[in-house]
Amino acid sequence: LAVAGAIGFLVITFILPKITGLIKELDISVPWYTTVLISMSDFMNTYWWAVLIGVGGVGIGIYYYFKSESGKHEWDIIVLHLPVFKTLARNIYITRFSENLSALMAGGIPVVRALMITSDVIGSTVYAQVMLKAAEEVKTGGAMSSVFQRYPSEIPPIVAQMVKIGEETGTMAHVLEGIGRFYEQEVDVMTRNLTSLIEPILI
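Values in this document were obtained by computation on a predicted structure and should not be read as measured data.

Rules behind the numbers
- Residues numbered from 1 in each chain as written.
- Predicted model: local features only at pLDDT ≥ 70, side-chain atom pairs only at ≥ 80, totals over all residues.
- Heavy atoms only, no water.
- Helix = DSSP H or I, 4+ residues; strand = E, 2+ residues; numbered from the N terminus.
- Contact = heavy atoms within 4.5 Å.
- Core = buried A, V, L, I, M, F, W, Y, C linked by side-chain atoms within 4.5 Å.
- Buried < 20%, exposed > 50% of the residue type's maximum accessible area, 1.4 Å probe, protein only.
- Phe/Tyr/Trp six-rings, centres within 6.5 Å; stacked < 30°, edge-to-face > 60°.
- Expected span 1.5 Å × (residues − 1).
- Arc of directions from axis to C-beta.
- Axes fitted to C-alpha atoms, helices over the stretch in contact; angles between N-to-C directions.
- Parallel < 35°, antiparallel > 145°, perpendicular 65-115°, else oblique.
- Nonpolar A, V, L, I, M, F, W, Y, C, P; charged D, E, K, R; others polar.
- Salt bridge = Lys/Arg side-chain N within 4 Å of Asp/Glu carboxyl O.

### A closer look at the environment of Y183
Note that Y183 resides in helix α9 (residues 172-202). Taking the C-alpha atoms as reference points, Y183 and V111, separated by 72 residues in sequence, lie 22 Å from one another. Discounting residues that sit within four places of it in the chain, Y183 has contacts with N91, I94, T95, P156, I158 and V159.

### Some words on the nonpolar core
If you look at the biggest cluster of nonpolar residues, it comprises 32 residues, and the most contacted ones within it are L101, M144, F148, V163, L176 and I179. Breaking this core down by element, the ones donating at least two residues are α4 (85-106), α5 (111-121), α6 (125-139), α7 (144-148), α8 (157-169) and α9. Excluding its chain neighbours within four sequence positions, the residues that come into contact with L176 are F97, S98, L101, S102, M105 and V163.

### Examining the packing of aromatic side chains
Counted under the stated rule, the structure contains nine aromatic pairs. Seen in terms of ring centroids, Y93 and Y127 are 5.2 Å apart; in terms of plane orientation they differ by 40 degrees. Their pairing is tilted. Here Y93, found in helix α4, pairs with Y127, found in helix α6; they are 34 residues apart in sequence, far enough to count as distant. Here F97 and F148 contribute two aromatic rings whose centre-to-centre distance is 5.4 Å and whose plane-to-plane angle is 85 degrees, an arrangement assigned as edge-to-face. Of the two residues, F97 is situated in helix α4 and F148 in helix α7; the sequence distance between them amounts to 51 residues. What makes F148 buried here is its relative accessible area of 0%.

### A short note on α8
Taking 1.5 Å of rise per residue, 13 residues should cover 18 Å, and α8 covers 18 Å from first to last C-alpha, within 8% of that figure. Taken as a whole, α8 has its buried residues at V159, A160, V163 and G166. On an axial view of α8, the arc spanned by its buried residues comes to 120 degrees, and they lie on one face. Those residues of α8 that are exposed and angled more than 90 degrees off the buried face are P157, I158 and E168. Tucked inside the fold, the buried residues of α8 contact α4, α7 and α9. Remark: G170 follows α8 within two positions and exhibits a positive phi of approximately 75 degrees.

### With respect to the packing of helix α3 (residues 69-79) against α6
Relative to each other, α3 and α6 sit at 95 degrees, their axes nearing to 8 Å. Between α3 and α6, the angle falls in the class roughly perpendicular. Judged by residue contacts, K72, H73, D76 and I77 of α3 engage T125, V126 and Q129 from α6. Considered class by class, the residues forming the contact of α3 with α6 number two nonpolar, three polar and two charged.

### A few points about α5
Regarding α5, the residues found buried are V112, A114, L115, T118 and S119. Along α5, the residues classed as buried sweep out an arc of 160 degrees about the axis, all on the same side. Buried positions along α5 lie against α4, α6 and α7. Remark: G123 follows α5 within two positions and exhibits a positive phi of approximately 85 degrees.

### Quick notes on the pattern of salt bridges
With the rule as written, the count across this model stands at three salt bridges. The salt bridge involving K72 is made with D76; its shortest N-O contact spans 3.0 Å. Placement of the pair is K72 and D76 together in helix α3, with a separation of four residues, close to one helical turn. With a relative accessible area of 29%, K72 lands in the partly exposed category. Judged by relative accessible area, D76 falls into the buried class, the value being 3%. Of the charged contacts, one joins R181 and E177 as a salt bridge, the two residues approaching to 3.3 Å between their closest N and O atoms.

Geometry only, nothing functional implied.
So, in structure tokens, the structure goes:
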């Protein structure tokens, strides 16, 4: 995407003006979209440095905003609402949650502590809040599955149900390991499909 953006900038700024110059010399009637293209290339050819500074400034501002605590939370919410990508993001976070919590519990870490550690490494403030609420629920004698059932957008109902079965049968680590394997495969398939779709779009 970065390379495509750079190439587009160079083409509009330095190559397109040479082509539009030939069109101007012909002094013929052109469609409105060609007129817009000519105006845009003329502007970019003259003020490319201002556009570059503006884009760079906006990019740096966005980067530092999303690095802040409130910005990071806002970005995590946006990611989970993006068409197509929201499913991929959800699957990635469920994979991280399942694999990390399974490994910690299999290693003998208490459930509450394991959930708190998982909330630190999951990489999403939205999912971290769910993990912390689950930890509080377990701490007061409740079940983490009851918390997961309250967040169907973040935790699919089937995952919450499997976690509930793991709690009832005492096989939580094994169940989470199975969930992690399944969603890891889902992530791999979606990533391959998205890559195949993005390539022709970029071209």
